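So you can see what is in the structure, the chains are spelled out below.
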Amino acid sequence: MTVTPLTAPPTDADADAWLGVLAAAQAVDLPGLPAPSRVETAGRIQVPPARGRAVCLAATDGDEGPAGDWAGLAGLLLFSDPGNTHTAFLDVLAVRPDARRRGVGTALWERVRAELAADRRSSVSTVVDLGGPGEAFAAGLGFENVLPMAWYVQDTAEPREVPALPEGYRFAGWSGIAPDEYAWPAAVAHAAMEDAPSGGMDEQPPQWDAEKLRAAQRLILDRGGRLHTMCVLTGAGEVAAYTELVLPDPATPRAIQYDTVVVPEHRGHGLGRAVKLRALAELRELHPGVRQIATTVADENTAMRAVNASLGYRHERACAVFQHTL
């Protein structure tokens, strides 16, 4: 068994091999989900992250390195933003089903752990689907569940009425990178995510400004995806609420709802529900091929779960943020 870092940037052949392992693993572990996309897969490993340094590892059955048949893979993000240089995120650790129970996952983890130690990281987190092989593997390595949550999905086939906003508010939206007039107000609103449930996670929320917001948005585009933001603005031009819809691949039938935030002083007016419905209407018009929107919500975020339930979101599968202290 050989675990080897991919050269930077990974090649198209690397992306094809990475996709092969992901697709094989998902077909067994999560057969009901859309298959992994080549566009999203290549983008995630070939385009450097905005918040740190990526380490991509391939495990092969022989001694020939990543050019051989891949038995498994791991992707690690070493954060570089202030407040997070002590921690990291294990984006993926996957083993091909026919190569399992042969020590592949353990070998990948040991290499990940060595990378963390070399970079003086004191913790690492990952997202694990509950009830599957990933949960037992993570628990066996000493990871702990620090933030229970779940995936929820909403069908987009039927149009929904967008409610009128209270007096003094108006909608504004854009595709891609935030225009000049909205970049700073949107960055300020992103800071409201600091009160979102985070359990016992070591990772701290980013300190947003217009430049960092645009860098995060540009990353989605550079990786081949599409981003649509819908906001509720005050009369003074402040962002009172926003939601983000991402298509990791423009051809995907499933969009991902990223953050949905209502700034604290504007809560209690139905803005969260309204901005989500307006975003859904825009998505139906811009991307009629999208059939579902998926999102994650922490179990303790009862307010957002109630909003989503009123919009027709249904529970798909339980997951959690697991964290390991080194």
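In this report, we go over the structure that sits alongside the text. (Residues numbered from 1 in each chain as written. Predicted model: local features only at pLDDT ≥ 70, side-chain atom pairs only at ≥ 80, totals over all residues. Heavy atoms only, no water.)

As a further point, take the sheet that holds strand 1 (residues 2-5). What the twelve strands build is an open sheet, ordered 1-2-3-4-5-12-6-11-10-9-8-7; its pairing is mixed. Only two strands of the sheet have a single neighbouring strand rather than two, namely strand 1 and strand 7 (169-175). When the angles between neighbouring strand axes are averaged without regard to direction, this sheet yields 25°. As paired strands, strand 10 (residues 254-262) and strand 11 (residues 292-298) are joined by three bridges and run parallel to one another. (Pairing = 2+ DSSP bridges. Helix = DSSP H or I, 4+ residues; strand = E, 2+ residues; numbered from the N terminus. Axes fitted to C-alpha atoms, helices over the stretch in contact; angles between N-to-C directions.)

With an omega dihedral of -10°, the bond running from A8 to P9 counts as a cis peptide bond. With respect to the secondary-structure elements, P9 resides in the loop between strand 1 and helix 1 (12-29). Of note, R101 is a non-glycine position whose phi angle comes to about 65°, a positive value. Structurally, R101 is set in the loop between strand 4 (87-95) and helix 3 (104-118). Take R101: its relative accessible area is 87%, and that puts it in the exposed class. Even without being a glycine, R120 presents a positive backbone phi close to 60°. Structurally, the position occupied by R120 is in the loop between helix 3 and strand 5 (123-129). Among the residues examined, R120 registers a relative accessible area of 77% and is labelled exposed. (Buried < 20%, exposed > 50% of the residue type's maximum accessible area, 1.4 Å probe, protein only.)

In the contact formed by helix 1 and helix 2 (residues 38-46), the axes pass within 9 Å of each other and the chain directions differ by 120°. The pairing of helix 1 with helix 2 is recorded here as oblique in orientation. As helix 1 packs across helix 2, the resulting crossing turns out to be right-handed. Along the contact surface, helix 1 presents D12, D14, A15, D16, W18, L19 and L22, while helix 2 presents R38, T41, A42, I45 and Q46. Along the lines of polarity and charge, the residues of the contact of helix 1 with helix 2 split into six nonpolar, two polar and four charged. (Parallel < 35°, antiparallel > 145°, perpendicular 65-115°, else oblique. Left-handed = near helix turned anticlockwise from the far one by under 90°. Contact = heavy atoms within 4.5 Å. Nonpolar A, V, L, I, M, F, W, Y, C, P; charged D, E, K, R; others polar.)

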